[in-house]
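Coordinate inspection notes
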Amino acid sequence: DAGVIQSPRHEVTEMGQEVTLRCKPISGHNSLFWYRQTMMRGLELLIYFNNNVPIDDSGMPEDRFSAKMPNASFSTLKIQPSEPRDSAVYFCASSFTSGGTDTQYFGPGTRLTVL
Amino acid sequence: AQSVTQLGSHVSVSEGALVLLRCNYSSSVPPYLFWYVQYPNQGLQLLLKYTSAATLVKGINGFEAEFKKSETSFHLTKPSAHMSDAAEYFCAVSDLSTNAGKSTFGDGTTLTVKP
């Protein structure tokens, strides 16, 4: 299996631009998670989906952030407009939900820099 | 609500010395507990997990952890540190009531191994 695939791996953009991060979960997994990691705030859960349905988006910092999962094999995290404080590494993870014992499989991350 | 507390954000050991990373959990129901490792510029990957079977859990790379209900702890140990163990380690908790496989992660402990 190729594992969780994220693209792009690196993104440099200017403040005010729209940024779209992409994730392909492991085939057969039914839960998908988006995290943000910074030195200051550590690892933060932004939103997660189960069977393509958003379950909890309480970690999304503000309305500039949105996430979609149109099908079981693809998800996007969009930031519009982007700001320098959004600079971070964004991870996507997937799992097969089986009553709480699920292992989350993380992608390699997208390092976002907003100038 | 579930939570984990990792005691010590930074731990430094000499090569060959015992590694001990501490994790205490809080959960109102029997927990499932995980240790993940993050190597530089990579996503998190599972080291080991406790799912209510044996209380001493063995993982990859010589790591093990013991579930102690009386102490609400799940400390990670390795008898002899290698340089390649230098990484950030995250403890996480979930349970049967967890919605869609969500785990709650600790703040992480950075392990430095000195030659």
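All of these numbers come straight from a predicted model, not from anything done at the bench.

This paragraph deals with the overall build of chain A. Across its full length, chain A holds zero helices and 11 strands. Starting at the N terminus and ending at the C terminus, chain A contains elements arranged as β-β-β-β-β-β-β-β-β-β-β. Relative to the compact-globule value of 13 Å for 115 residues, chain A shows a C-alpha radius of gyration of 13 Å, a close match. A separation threshold of at least 6 residues defines the contact pool for chain A, and within that pool the share at least 24 residues apart is 54%. Accessible surface computed for chain A: about 5500 Å², of which carbon and sulfur atoms make up 51%.

Another point: the environment of B:Glu64. Residue and element names in this part refer to chain B. Tracing the backbone through its elements, the reader meets Glu64 in strand E7 (residues 64-68). Linking Glu64 and Val19, residues 45 residues apart in sequence, is a C-alpha distance of 10 Å. Dropping the residues within four chain positions of it, Glu64 is found in contact with Leu48, Leu56, Val57, Lys58, Gly59, His75, Leu76 and Thr77. Polar side-chain contacts of Glu64 include one of 2.8 Å to the side chain of Lys58.

Quick look at the interface of chain B and chain A now. On the chain A side, the residues contacting the 22 residues of chain B number 23 residues. Note on chain B versus chain A: buried area summed over both sides is about 1700 Å², and carbon and sulfur give 54% of it. Where chain B touches chain A, the interface holds zero salt bridges. Of all the secondary-structure elements, those providing two or more residues to the side of chain B that touches chain A are strand E4 (31-38), strand E5 (44-50) and strand E9 (87-95) of chain B. Looking at the side of chain B that touches chain A, its residues break down into nine nonpolar, nine polar and four charged.

Once that is clear, we can look at the state of the cysteines. Residue and element names in this part refer to chain A. Using the criterion set out here, one finds two disulfides over all chains in the structure. One disulfide in the model links Cys23 with Cys92; its S-S distance is 1.9 Å. What sets the handedness of the Cys23 and Cys92 disulfide is the S-S torsion sign, and at about -65 degrees it is left-handed. Taken together, the positions of Cys23 in strand E3 (residues 19-24) and Cys92 in strand E9 (residues 88-95) put the pair 69 residues apart, joining distant regions of the chain. Taken individually, Cys23 and Cys92 each receive the classification buried, so the pair is uniform in this respect.

Take the sheet that holds strand E1 (residues 3-7) of chain B next. All names here are of chain B. A sheet is described by the order of its strands in space; here five strands give the open sequence E1-E3-E8-E7-E6, paired in antiparallel fashion. What marks the edges here is a single partner per strand, and that holds for E1 and strand E6 (56-58). Averaged over all pairs of adjacent strands, the angle between their axes in this sheet comes to 20 degrees, without regard to strand direction. Here strand E3 (residues 19-26) runs beside strand E8 (residues 73-78); their pairing, made up of four bridges, is antiparallel. Residue Asn24 lies in a different strand from E8, and its bridge partner there is Ser73.

Another aspect to go through is unusual backbone geometry. The residue after A:Ser7, namely A:Pro8, is reached through a cis peptide bond having omega -10 degrees. In this structure, A:Pro8 sits in the loop between strand E1 (5-7) and strand E2 (10-13). In this model, A:Asn51 sits at a positive phi of 50 degrees, which is unusual for a non-glycine residue. Following the sequence through the fold, A:Asn51 ends up in the loop between strand E5 (42-50) and strand E6 (53-56). The partly exposed category is assigned to A:Asn51, whose relative accessible area is 48%. You will see that B:Asn61, though not glycine, has its phi angle at about 60 degrees, which is positive. Among the secondary structure elements, B:Asn61 is positioned in the loop between E6 and E7.

The full count for this structure, using the stated rule, is 10 salt bridges over all chains. B:Lys78 is the partner of B:Asp85 in a salt bridge, and the nearest nitrogen-oxygen pair spans 2.9 Å. B:Lys78 matches B:Asp85 in its accessibility class, with the two residues each being buried. Within this structure, A:Glu62, A:Arg64, A:Glu83, A:Arg85 and A:Asp86 form a network of salt bridges that share partners.

Criteria and thresholds
Residues numbered from 1 in each chain as written. Chains lettered and ligands numbered in written order. Predicted model: local features only at pLDDT ≥ 70, side-chain atom pairs only at ≥ 80, totals over all residues. Heavy atoms only, no water. Helix = DSSP H or I, 4+ residues; strand = E, 2+ residues; numbered from the N terminus. Rg over C-alpha atoms; globule rule 2.2 N^0.38 Å. Contact = heavy atoms within 4.5 Å. Areas by Shrake-Rupley, 256 points an atom, 1.4 Å probe, with all protein chains shown as cover. Polar contact = N/O pair within 3.5 Å; in protein donor to acceptor, adjacent residues only side chain to side chain. Buried area = accessible area lost by both parts, 1.4 Å probe. Salt bridge = Lys/Arg side-chain N within 4 Å of Asp/Glu carboxyl O. Nonpolar A, V, L, I, M, F, W, Y, C, P; charged D, E, K, R; others polar. Disulfide = S-S within 2.5 Å. Buried < 20%, exposed > 50% of the residue type's maximum accessible area, 1.4 Å probe, protein only. Pairing = 2+ DSSP bridges. Axes fitted to C-alpha atoms, helices over the stretch in contact; angles between N-to-C directions.

Just distances and angles here, no functional claims.
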